[in-house]
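Overview (structure and organization)
The chain contents come next:
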Amino acid sequence: PKLLQYGVKVVVQAVQLLYAMLKIEQPSYILLQNPPGLPAIAVAWAACRCWGSKLVIDWHNYGYTVMGLRHGRDHPLVQVAKWYEKLFGRLADYNLCVTDAMREDLWVNCGIKAVTLYDKPAAYFKETPLELQHDLFLKLAQDYEAFKPRAEPGSLGAERSAFTEVDVETGHLVKPRGRPALLISSTSWTEDEDFSVLLKALEAYEQHIHEGAELPSLVCVITGKGPLKDYYNGLINKLHFKHIQICTPWLEAEDYPLLLGSADLGVCLHKSSSGLDLPMKVVDMFGCCLPVCAIYFECLHELVKHNENGLIFQDWNELAEQLKMLFLGFPTLEGKLHSFRENLRASKQLRWDESWDQTVLPLLEQND
């Protein structure tokens, strides 16, 4: 039975994890990200009791709300997971969380005192120089049609991609004016992201072009892998666009930040299972000064400032209108898309290590 399988799995994982942890050198702290927290929180707490160490839980979401996407909020397993997280959250020595909304919820509904530590991008998430963009596009063009240059077969050369080329007169690397716009989204292909919203918006965008709108062709890159990828690839294969190409690559780790730093617009379809966490993909996009269109949920305003560093939409129709507005006259250096990027450049965001030093180190030093 599924329930017995799940119970045996949790017990076996708990024993393996506790055995592995007790073999390492005694730490002063154990920092654990939740979710996933079953059985990790209980095991980490037990190890801390054995060592006399302190447990720090870094709340990125609630595990029970993620489980609720599949089983429903009222399922007995989900209710047990909710009780479990509340219990061990109170037993932890310190709690960190990713939004002020989550900090308030932890205190009001769980009696857990937490400190807000916003996710920040690592230092390697930054705008990609044109030379590295060109190299990346040529590399991706070997496997993906969308990155190959739009030209007659006889004019194709090793120094051209869909987005970059070497000027034959000057020898300089340039982005041709007639290039397509590069739109990127990343996902783990799970239930909390409905990619039919993006697909319907792209259909509307294609219709705008047919009706005569001066819009560029689009290359839409959706990165990542997960359980629903085959399902959405099936939907994508049924679409027949003339001006839009969609590809769903699995990128090498070092190529992902380079692609974000090369794109023109990011799209986020993450809808938090709890309504209290923020999408890390947007944090990384902002680190690359990439403007974002993100689907609305309750605390998204703590990250995406509407009409300042991006746009927030409610449904596919609103996203389609935003794409039309942002890409009208592309790639002119005027308009919303350019001003959003300039605002991101001017914001000079903290990086992960700087945020840690400012928020967490004083907390630990004070208590020590």
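No experiment lies behind these values; they were computed from the predicted model shown.

1. A closer look at the side chain of Asn-61
Among the secondary structure elements, Asn-61 is positioned in the loop between β2 (54–59) and α3 (63–71). A polar contact of 2.7 Å, which involves the side chain of Asn-61, links it to the side chain of Ser-274. Not counting residues within four places of it along the chain, the set of residues in contact with Asn-61 comprises Asn-34, Pro-35, Val-66, Met-102, Ser-272, Ser-273, Ser-274 and Asp-277.

2. Notes on a nonpolar patch on the surface
On the surface, a cluster of nonpolar side chains totalling about 260 Å² of accessible area is made up of Leu-4, Val-8 and Val-12. For Val-12, the position within the fold is in helix α1 (residues 2–22).

3. Re the nonpolar core
Within the largest apolar cluster, 37 residues are counted, with the highest numbers of intra-cluster contacts made by Phe-147, Leu-182, Ile-184, Val-221, Leu-259, Leu-260 and Val-304. Those elements giving two or more residues to this core turn out to be α6 (130–141), β7 (181–186), β8 (218–223), α9 (255–260), α10 (280–287) and β11 (292–295). If we ignore the near neighbours within four places in the chain, the residues touching Leu-182 are Phe-137, Phe-163, Val-219, Val-221, Leu-259, Ser-262, Ala-263, Asp-264 and Leu-265. The next biggest cluster of nonpolar side chains, apart from the first, holds 35 residues, and it includes Cys-220, Ile-222, Ile-295 and Ala-320.

4. Notes on the domain arrangement of the chain
When cut into domains, the chain gives domain 1 (1–120 + 353–366) and domain 2 (130–347). A straight line from the C-alpha centre of domain 1 to that of domain 2 covers 34 Å. With 17 residues of domain 1 at the interface, the matching set in domain 2 holds 12 residues. Across the interface of domain 1 and domain 2, roughly 1,200 Å² is buried in total on both sides, 59% from carbon and sulfur atoms. Summed over the three residues of domain 1 that lose the most area to domain 2, namely Leu-69, Thr-99 and Asp-119, the buried surface amounts to 36% of that side. At the boundary of domain 1 with domain 2, the tally comes to 8 residue pairs in polar contact (both at pLDDT 80 or more). Breaking the side of domain 1 that touches domain 2 down by element, the ones donating at least two residues are α3 and α5 (100–110). For the side of domain 1 that touches domain 2, the per-class residue count stands at 7 nonpolar, 4 polar and 6 charged.

5. Things to note about helix α8 (residues 229–237)
Turning to α8, its buried residues are Lys-229, Tyr-232, Asn-233 and Ile-236. Buried residues along α8 cover an arc of 105° about the axis, so they all sit on one side. The exposed set on the far side of α8, more than 90 degrees from its buried face, consists of Asp-230 and Tyr-231. Structurally, α8 contributes buried residues whose contacts are with α7 (196–210) and β9 (244–247).

6. Details of the pattern of salt bridges
Per the stated rule, a full pass over the model turns up 11 salt bridges. The salt bridge partner of Arg-103 is Asp-100, with a shortest N-O separation of 3.4 Å. Highlighted residues: Arg-103 and Asp-100, both in helix α5, separated by 3 residues, approximately one helical turn. Arg-103 gets classed as partly exposed once you look at its relative accessible area, which sits at 34%. Between Glu-127 and Arg-341 there is a salt bridge, and its shortest N-O distance comes to 3.9 Å. Here Glu-127, found in the loop between β4 (115–116) and α6, pairs with Arg-341, found in helix α12 (residues 336–347); they are 214 residues apart in sequence, far enough to count as distant. A relative accessible area of 31% means that Glu-127 is categorised as partly exposed.

7. Here's the deal with the pairing of β11
A two-sided burial pattern is seen for β11, the buried positions comprising Val-292 and Ala-294 on one face and Cys-293 and Ile-295 on the other. As paired strands, strand β10 (residues 265–268) and β11 are joined by 3 bridges and run parallel to one another. From the neighbouring strand, Gly-266 faces β11, where its bridge partner is Val-292. What joins β10 to β11 is α10, and the crossover it makes is right-handed. Across 4 bridges, the pairing between β11 and strand β12 (residues 310–313) is parallel. Within β12, the residue paired with Cys-293 across the bridge is Leu-311.

8. Quick word on unusual backbone geometry
Put simply, Asn-34 and Pro-35 share a cis peptide bond, and its omega is -5°. Mapped onto the secondary structure, Pro-35 falls in the loop between β1 (29–34) and α2 (40–51). Cis peptide bonds are those with omega within 30 degrees of zero, and the linkage from Leu-38 to Pro-39 qualifies with 15°. In this structure, Pro-39 sits in the loop between β1 and α2. Despite not being glycine, Trp-189 has its phi angle at roughly 50°, a positive value. The topology assignment puts Trp-189 in the loop between β7 and α7. Judged by relative accessible area, which is 1%, Trp-189 ranks as buried. Even without glycine at this site, Asn-307 takes up a positive phi of about 70°. Among the structural elements, Asn-307 can be located in the loop between β11 and β12.

Each value, and the rule that gives it
Residues numbered from 1 in each chain as written. Predicted model: local features only at pLDDT ≥ 70, side-chain atom pairs only at ≥ 80, totals over all residues. Heavy atoms only, no water. Helix = DSSP H or I, 4+ residues; strand = E, 2+ residues; numbered from the N terminus. Polar contact = N/O pair within 3.5 Å; in protein donor to acceptor, adjacent residues only side chain to side chain. Contact = heavy atoms within 4.5 Å. Patch = residues over 30% accessible without salt bridge, like charges linked within 9 Å, V, L, I, M, F, W, Y side chains within 5 Å. Areas by Shrake-Rupley, 256 points an atom, 1.4 Å probe, with all protein chains shown as cover. Salt bridge = Lys/Arg side-chain N within 4 Å of Asp/Glu carboxyl O. Core = buried A, V, L, I, M, F, W, Y, C linked by side-chain atoms within 4.5 Å. Buried < 20%, exposed > 50% of the residue type's maximum accessible area, 1.4 Å probe, protein only. Domains from an automatic or database assignment. Buried area = accessible area lost by both parts, 1.4 Å probe. Nonpolar A, V, L, I, M, F, W, Y, C, P; charged D, E, K, R; others polar. Arc of directions from axis to C-beta. Pairing = 2+ DSSP bridges. Right-handed = clockwise from strand over helix to strand, strands pointing away.

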